[in-house]
Amino acid sequence: MSEKKINDYSLVEVFGAREHNLKNIDISFPRNQLVVITGLSGSGKSSLAFDTIYAEGQRRYMETFSAYSRQFMGGLERPDVDKISGLSPVIAIEQKTTGRNPRSTVGTITEIYDFLRLLYARTAEAYSPVTGELMQKMSEEQITNTILEQYSQQTVSILAPIVKGRKGHYRELFEQITKQGYLKVRIDGEIQDIHPKMQLDRYKIHDIEIVIDRIQIIPSTQKRLNDSIQIAMKQSKGLVKIVNEEQRVQNFSKFLMCPTSGISFDEPQPNTFSFNSPYGACNECDGVGIVYSIDPDSVFENTSLSITEGAITPLGKDLNTPAYDVIKSLAKKYHFSLTTPIKDLNPEILDILLNGTNETLSVKIIFGGFSSTYEMDYTGLQCLMGAKFQHKKTEEDQINDRYLHSSICPLCNGARLKKESLQFKIDNKNIFEIASTNITQLYEWANKIEEKLNTKQRIIAKEILKEIKTRTGFLLDVGLNYLNLNRPAQTLSGGEAQRIRLATQIGSQLMNVMFILDEPS
C-alpha cells in the first residue's frame, strides 16, 4: 500500500482527456523527468500538452487568487478532462518568435542587461569626454584640503559658476546677484565690478561666475576658506572654481566632474544605462539605434507629375483629405504651386516638403460648409503619411516600408545610449562594449573582472556578478554561446527564442515546476 502511494505521488495522471481531437484517453508519466510526447501531425500532442495539462495547471494557479483579484483577470474554462492528479505548477515555453518590439533584446529578455546596468551604476568610473581624464567628486572637506595643499601661500578667487555657454543679456541676473550682496563677477574669463543696469551682448555665448571671495591660502584662513566653498556650492548647486593670480583655473564638484574642462555628470543610476528610459536613451534615435528617413525616390515615383496629379505616391490622388489641406497651406506660405511638376520645384521647397520646417504652419480646413484654422508644427511628409517613426513603427502603421530609408544613428553609432552614459567604464569598457560581446566572452569577463576592482567595488559587485554568471551559464547550457546581449529579439529564430525563454525560467530558480516545451530544438 505504501509503495503504491509513493508511485501515485511520483506520477502525473490524466483521465478522460477529450480536448479537441483527443478521444477520451488516459495517460500517466513520471514527475521530475524529461518526458517526450511524439506522434504524427494532428494526433493531439499539443492538445494533450498545452490545451489539457497546461490549461488545467494555469486554471488551478488562477484559483489560488482571491475572488477580488480574479474578477480583473477573467476566468479560465476547465479543459475537457475527467481528472488530472499529481500536477505541479506549470510554465509553457512555446516555440514562437518573440515580439516585434525593436527595443527588446537578448539582454532585456534574459534580464542580464538589467544586472549589467546595476553593476555599472554602482561600480563604474566616469571619464571626461573632452580630456579622457578620470572624473572626480569630492566632499567639501576634501576640496578645502586640496586647495590648502595646492595653493599654499597663494591668493585665489573662489567662484560660483552660474551660467555656462549660454546666450543672453542677463540684466536681471546681475540685479539679483547685487541684491545678495556680491560686488564682482567673472564674465568670459575676466573679473568685473557689477554696475547698475549692467548687461551683456544677448547674441553671444557667455560664462558667468560669482566672485564669492578673494583669499590668501594660509593655515589661519582655513575656516574662512571652508565657509566660502560652502557658499559657492550653494550658489552653483555643487560646483566651485578656483582661479589664482596666474589665471590658473581648477574646477571642483561634489558630483562627478572633469578637473580640467569642468564638465560634470549626475550620479549614475541604473536607468542612466537603459535605452528604454529617457534618462539613458539617445536623444536622436530615442534608444533604438536606428533612424528612419523619407526616401525621395519612393515618395516621388514620377517627378513629371505635379502634386495635384498625384506625385506624392503614399498620399494618393484624393486632394480632399486633411493631409492635402496641410500641403495647400504649405504651398501658400512658401509661394509654390501645386500644379508645378515635382522636377521643376525649387530644391529648398522639396526639402521643406520632405523634412519639414521650424516655422509654425497655419492650416485651414473646410468641413460641412464651415471653415477653421489651426496651428501645427510641420515636421515633414512622415507626419502626413501615418508613419510613427523610430520605435513606434509597427505593423499597424499606414506607411509602407518602401517609403522609408533606415540607417545607423549618427549620434550614438547604434549604441542606443546617450554619450554621457557611454563615458562610464569598468576595466576601460563601457556597457555597450560589454553587451556587444558574445555570451562566452561575457561569462569569462564576469569571472575575471573582480580581480580588477578595488576592495569597495568588489564588495558591491559580488552579488551582482554572481547573478550575471548564473544567467549566462544557463544560456551556455542551452547552446546560445554565439549570441550577444545587444541582439534584437525580433531577429531571433523560433528555436533561439524558445531556448532563451527556457534559460530565463530556469534562472528564476523556481522549485517543483513543470515546464512544457513546444517542439524543443
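Residues numbered from 1 in each chain as written. Predicted model: local features only at pLDDT ≥ 70, side-chain atom pairs only at ≥ 80, totals over all residues. Heavy atoms only, no water.

Chemist: Could you give me a rundown of the layout of surface pockets, with the residues and numbers involved?
Modeler: Approximately 890 Å³ is the volume attributed to the largest pocket. Forming the boundary of the largest pocket are 27 residues, of which Leu 34, Val 35, Phe 515, Ile 516 and Leu 517 lie nearest the centre. Those elements giving two or more residues to the lining of the largest pocket turn out to be strand E2 (25–30), helix H2 (45–63) and strand E19 (514–517). Ranked by residue count, the leading element in the lining of the largest pocket is H2, at six residues. Residue composition of the lining of the largest pocket, by class: 16 nonpolar, seven polar and four charged. (1 Å grid on protein atoms, 1.4 Å probe; cavity = no way out; pocket = protein on both sides within 12 Å on 5 of 7 lines; lining within 4 Å. Points joined across faces, edges and corners; volume = space filled by probe spheres on them. Helix = DSSP H or I, 4+ residues; strand = E, 2+ residues; numbered from the N terminus. Nonpolar A, V, L, I, M, F, W, Y, C, P; charged D, E, K, R; others polar.)

Chemist: Give me the sheet that holds E2: which residues, what numbers.
Modeler: In spatial order, the strands read E2-E1-E3; together these three strands make up an open sheet with antiparallel pairing. Either end of the sheet is taken by a strand with one partner, and the two such strands are E2 and strand E3 (83–85). In this sheet, neighbouring strand axes are inclined to one another by 5° on average, regardless of whether the strands run parallel or antiparallel. Sheet strands in contact with H2 are strand E1 (11–17), E2 and E3, and its direction is about 75° off that of E3. (Pairing = 2+ DSSP bridges. Axes fitted to C-alpha atoms, helices over the stretch in contact; angles between N-to-C directions. Contact = heavy atoms within 4.5 Å.)

Chemist: Outline helix H15 (residues 494–507), listing residues and values.
Modeler: One full turn of an α-helix is made of 3.6 residues, so residues set three or four places apart face in the same direction. Along its 14 residues, H15 runs 20 Å from first to last C-alpha, staying within 8% of the 20 Å computed at 1.5 Å per residue. Among the residues of H15, those classed as buried are Gly 494, Gly 495, Glu 496, Ala 497, Gln 498, Arg 499, Ile 500, Leu 502, Ala 503, Thr 504 and Gly 507. Those residues of H15 that are buried are in contact with strand E4 (90–93), helix H4 (106–110), helix H14 (455–477) and E19. (Expected span 1.5 Å × (residues − 1). Buried < 20%, exposed > 50% of the residue type's maximum accessible area, 1.4 Å probe, protein only.)

Chemist: Explain the confidence of the model for the protein to me, and be specific about the residues and the numbers.
Modeler: Averaged over all residues, the pLDDT of the protein is 84; the fraction at 70 or higher stands at 93%. Here helix H1 (residues 2–9) is the element of the protein with the lowest mean pLDDT, 46, and helix H12 (residues 431–435) is the one with the highest, 95. Throughout residues 1–7 the model reports pLDDT below 50, and contacts reaching past four residues in sequence, or to other chains, amount to zero contacts. Every residue in residues 387–399 scores below 50 in pLDDT, and together they form 29 contacts with partners more than four places removed in sequence or on other chains. (pLDDT = per-residue confidence, 0-100.)

Chemist: Let's hear about the packing of helix H13 (residues 439–448) against H14: which residues, and what values?
Modeler: Each pair of packed helices can be summarised by the angle the axes make with each other and by the distance between the axes. The contact between H13 and H14 brings their axes to 9 Å, and the two run at 150°. By the angle between their axes, H13 is roughly antiparallel relative to H14. Note on packing geometry: the crossing formed by H13 with H14 is left-handed. Side by side, H13 and H14 meet where Ile 439, Thr 440, Leu 442, Tyr 443, Ala 446 and Asn 447 of the first sit next to Leu 465, Ile 468, Lys 469, Thr 472, Gly 473, Leu 475 and Leu 476 of the second. Split by residue class, the contact of H13 with H14 holds eight nonpolar, four polar and one charged. (Parallel < 35°, antiparallel > 145°, perpendicular 65-115°, else oblique. Left-handed = near helix turned anticlockwise from the far one by under 90°.)

Chemist: Could you give an account of empty space enclosed by the protein, with specific residues and numbers?
Modeler: Inspection of every chain in the model, using the stated rule, returns one cavity of 30 Å³ or more. Here the largest cavity defines a volume of roughly 30 Å³. Every residue along the wall of the largest cavity is listed here: Thr 110, Arg 471, Phe 474, Leu 475, Ala 503, Thr 504 and Gly 507. Those elements that provide at least two residues to the lining of the largest cavity are H14 and H15. A class-by-class count of the residues in the lining of the largest cavity yields three nonpolar, three polar and one charged.

Chemist: Got a sec to walk through the environment of Leu 159? Specific residues and values, please.
Modeler: Following the sequence through the fold, Leu 159 ends up in strand E6 (residues 155–167). In this structure the C-alpha to C-alpha distance between Leu 159 and Ala 232, which are 73 residues apart in sequence, comes to 6.5 Å. When sequence neighbours within four positions are dropped, the list of residues in contact with Leu 159 reads Arg 186, Glu 209, Ile 210, Val 211, Ile 212, Ala 232, Val 240, Lys 241 and Val 243.

Chemist: Could you give an account of the state of the cysteines, with specific residues and numbers?
Modeler: According to the stated counting rule, one finds zero disulfides in the structure shown. Looking at Cys 282, it has no disulfide partner, and the nearest cysteine sulfur is the one in Cys 409, 3.8 Å off. Sulfur of Cys 412: no disulfide; nearest cysteine sulfur belongs to Cys 409 and is 3.7 Å away. With a relative accessible area of 6%, Cys 412 lands in the buried category. (Disulfide = S-S within 2.5 Å.)

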